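# Tertiary structure, described
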Amino acid sequence: MNAHAPFSTTDFAPALRQRQWAESSRQFVRCRRVIDETHDVKTFVFSAASGHMFSFSAGQYLVLNLTIDGTRVTRPYSVSSPPTRPLDLQITVKRVKGGLVSNWLHDNLRPGHNIEIEGPVGRFNFDDLPSEKPLFLSGGSGITPVMSMLRALTDRASGHDIRFIHCARTADDIAFRSELEALAARFSNVDVSFICSQEGSAWQGPFGRIDGPMLLRLAPDLHQRTSYVCGPEPFMQTVRACVAEIGIAPSQYHEESFGGAVGNSMAPQSAAAGLTRVRFVRSGVEHLCAPEETLLDAARNCGLHIPTACQQGICGTCRTVKLSGEVAMDDLGGLSLEEKAAGYVLACCSRPQGTVCLEL
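Residues numbered from 1 in each chain as written. Predicted model: local features only at pLDDT ≥ 70, side-chain atom pairs only at ≥ 80, totals over all residues. Heavy atoms only, no water.

## Focus: unusual backbone geometry
Just so we agree on the cut-off: We count a stretch as a helix when DSSP gives it H or I for four or more residues in a row; a strand needs E for two or more, and each element gets its number in order from the N terminus.
Look at the link from Gly119 to Pro120: it is a cis peptide, with omega at 10°. By secondary structure assignment, the location of Pro120 is in strand β6 (residues 114-121). The phi torsion at Ala157 lies on the positive side, around 50°, for a residue other than glycine. Relative to the elements of secondary structure, Ala157 occurs in the loop between α3 (143-155) and β8 (162-168).

Right, dumping it as structure tokens:
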């Protein structure tokens, strides 16, 4: 899932172009191959059912539309393959205990199966956020978007000064380890480091939780680099604290967060607040909302489709234009300041306050 740091620098126009393109890019893809990366991580390789080539920026993600046990489910997954290989599209998925979609993919998706996807989506990508000296810093399954970036650069044999640091629980949990070591051996401008949080006889490298001193040991020229950081939210919180302590300029730091516990800071809507309703202007539908009902809930109850993924205010997939009215929105990074100024709200975590009109 995708939550961008509020101080990450992004160009609003490319983000809008990507969004508009994504809304019309729903398509079916066919699974061609399943690769075991680690004991609980698989890569799924897809080709387009229509036979055309894929076009995306390294670091972007897709939204998978699945039906599991009769229920329609959507989830975002970063593309782990590079845009330099346009005939293939790959996602790399870690099996999560209790995770509905990750377990379904691991247990059911096989070569020959078709699934529906939307995208690409995402402002966390190397085309919009370029750098001559990138530091790719990832934790756990957050390796996927930065792996796409690294693969794109090495496929082009670029002269970028690249440093790649990945944090995993144990040596057995390091996805793409052999490939990363091979890239570092082949390209003199690529430096790769791994950190394991647990010691073990199979691991002789750095271990423990990443902190400021360790980060500076592995990337001593950190102040000269642009950091691209992705991982679970606890990992991201640690890295944010590190770069804040070190004094990295906001313009040199871009992040994307993969899930984590997210609370809802909005207070429940009370009866005293009065009736709330949503008018979907383009569709000509009006809906009277129940207490605590979100804009996304309202759309679904009217049979209207708003693309969505994380449903936590993080990824931005459900952004939609509010024409009038007020909402209580729990935005956890899914909208840029420019998008808010342009009238966008996140349907998954916005509750109407009175009457709200949406462009939908």
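Next comes the rest of the description.
## Re the sheet that holds strand β3 (residues 61-68)
Two modes of strand pairing occur in sheets, parallel and antiparallel, and in both the strands are linked by backbone hydrogen bonds. Heads up, the rule is: When DSSP finds two or more bridges between two strands, those strands count as paired. Geometry is summarised by axes, namely lines fitted to C-alpha atoms with helices restricted to the contacting stretch, and by angles between N-to-C directions that run from 0 to 180 degrees. Here, residues are in contact when the closest pair of their heavy atoms is within 4.5 Å.
Read from one edge of the open sheet, six strands run β4-β3-β6-β1-β2-β5, paired in antiparallel fashion. At either end of the open sheet lies a strand with only one pairing partner, and these are β4 (71-78) and β5 (89-94). Going across the sheet, the axis of each strand differs from the next one's by a mean of 40°, ignoring polarity. Note that strand β2 (residues 41-48) and β5 share six bridges and pair antiparallel. What sits directly across from Phe44, in β5, is Ile91. Against the sheet, helix α2 (residues 100-108) engages β2, β3, β4 and β5, with an angle of about 80° to β3.

## Quick notes on the side chain of Arg163
To be explicit about the condition: For the exposure calls, accessible area comes from a 1.4 Å probe over protein chains only, and a residue counts as buried if that area is under 20% of its type's maximum, exposed if over 50%, partly exposed in between. Two N or O atoms form a polar contact when they lie within 3.5 Å of each other; inside protein one atom must be a possible hydrogen donor and the other a possible acceptor, and for residues adjacent in sequence the pair counts only when both atoms belong to side chains.
Along the chain, Arg163 falls in strand β8. With relative accessibility at 16%, the residue Arg163 sits in the buried group. A polar side-chain atom of Arg163 sits 2.8 Å from the main-chain carbonyl oxygen of Leu218. Once residues lying within four places of it in the same chain are set aside, the contact partners of Arg163 are Pro134, Leu135, Phe136, Asp191, Leu218, Ala219, Asp221 and Arg225.

## Focus on the packing of aromatic side chains
What counts, and what does not: Only rings of Phe, Tyr and Trp enter the pairing, Trp through its six-membered ring, and a pair is recorded when the two centres are within 6.5 Å. The plane angle decides the type: under 30 degrees is stacked, over 60 is edge-to-face, the rest tilted.
Scanning all chains against the criterion turns up five aromatic pairs. Taking 6.5 Å as the distance between ring centres and 70° as the angle between the ring planes, the aromatic pair formed by Phe194 and Trp203 counts as edge-to-face. The pair Phe194 / Trp203 is uniform in exposure class, with both members buried. Among the aromatic residues, ring-to-ring pairing joins Phe126, Phe136, Phe164 and Tyr228 into one connected group.

## Focus on the nonpolar core
Short version of the rule: Buried Ala, Val, Leu, Ile, Met, Phe, Trp, Tyr and Cys residues that are joined via side-chain atoms within 4.5 Å together make up what is termed a nonpolar core.
Ranked by internal contacts, the top residues of the largest apolar core, which has 29 residues, are Phe136, Val146, Met149, Leu150, Phe164, Leu180 and Tyr228. Of all elements in the fold, only α3, β8, α4 (177-186), β9 (190-196) and β10 (226-231) reach the threshold of two or more residues within this core. In terms of residue count, the dominant contributor to this core is α3 (seven residues). Non-local contacts of Phe164, meaning those with residues more than four positions away in its chain, are made with Phe136, Ser138, Ile143, Val146, Met147, Leu150, Leu180, Asp191, Val192 and Ser193.

## Focus: α3
As a reminder, the rule being used: Given a helix with a known number of residues, its expected span is that number minus one, times 1.5 Å.
Taking 1.5 Å of rise per residue, 13 residues should cover 18 Å, and α3 covers 18 Å from first to last C-alpha, within 8% of that figure. Counting buried residues along α3, twelve of its 13 residues qualify, which places the element largely inside the surrounding structure. Within the span of α3, buried status applies to Ile143, Thr144, Pro145, Val146, Met147, Ser148, Met149, Leu150, Arg151, Ala152, Leu153 and Thr154. With its phi angle positive at about 50°, Ala157 sits one or two positions after the end of α3.

## Examining the confidence of the model for the protein chain
The test is simple: pLDDT measures the predictor's confidence residue by residue and takes values from 0 up to 100.
Summary statistics for the protein chain give a mean pLDDT of 85 and a share of 88% for residues scoring 70 or more. In this model residues 1-24 is a low-confidence stretch, pLDDT under 50, and it forms 61 contacts with partners more than four residues away in sequence or in other chains. Throughout residues 260-273 the model reports pLDDT below 50, and contacts reaching past four residues in sequence, or to other chains, amount to 22 contacts.

## Some thoughts on the pairing of strand β7 (residues 134-139)
A regular strand carries its side chains on alternate faces of the sheet. Worth spelling out the cut-off: Every crossover in which the path from the first strand over the helix to the second runs clockwise, viewed with the strands pointing away from the viewer, is termed right-handed.
β7 sits mainly inside the fold: six of its six residues count as buried. Residues Pro134, Phe136 and Ser138 of β7 are buried on one face, and the alternating residues Leu135, Leu137 and Gly139, pointing to the opposite face, are buried as well. Here five bridges tie β7 to β10, and the two strands are oriented parallel to one another. Residue pairing for β10: Ser138 is matched across the bridge by Cys230. Pairing between β7 and β8: five bridges, direction parallel. Of the residues in β8, the one forming a bridge with Ser138 is His166. Between the parallel pair β7 and β8, the chain is carried across by α3, and the sense of this crossover is right-handed.

## Remarks on the environment of Leu100
Assignment of secondary structure puts Leu100 in helix α2. Overall, Leu100 belongs to the partly exposed group, its relative accessible area being 42%. The spatial distance from the C-alpha of Leu100 to the C-alpha of Arg75 is 10.0 Å, given a sequence separation of 25 residues. Not counting residues within four places of it along the chain, the set of residues in contact with Leu100 comprises Ile68 and Val73.

## A look at the sheet that holds strand β11 (residues 253-257)
Pairing is parallel across the open sheet formed by five strands, whose spatial order is β9-β8-β7-β10-β11. One side of each edge strand has no neighbouring strand; the edge strands of this open sheet are β9 and β11. The sheet shows a mean angle of 10° between the axes of neighbouring strands, direction not considered. Its contacts with the sheet place α4 against β8 and β9, and it is angled at close to 145° to β9. The sheet contacts of helix α6 (residues 233-246) involve β7, β8, β10 and β11, and relative to β11 the element is tilted by about 165°.

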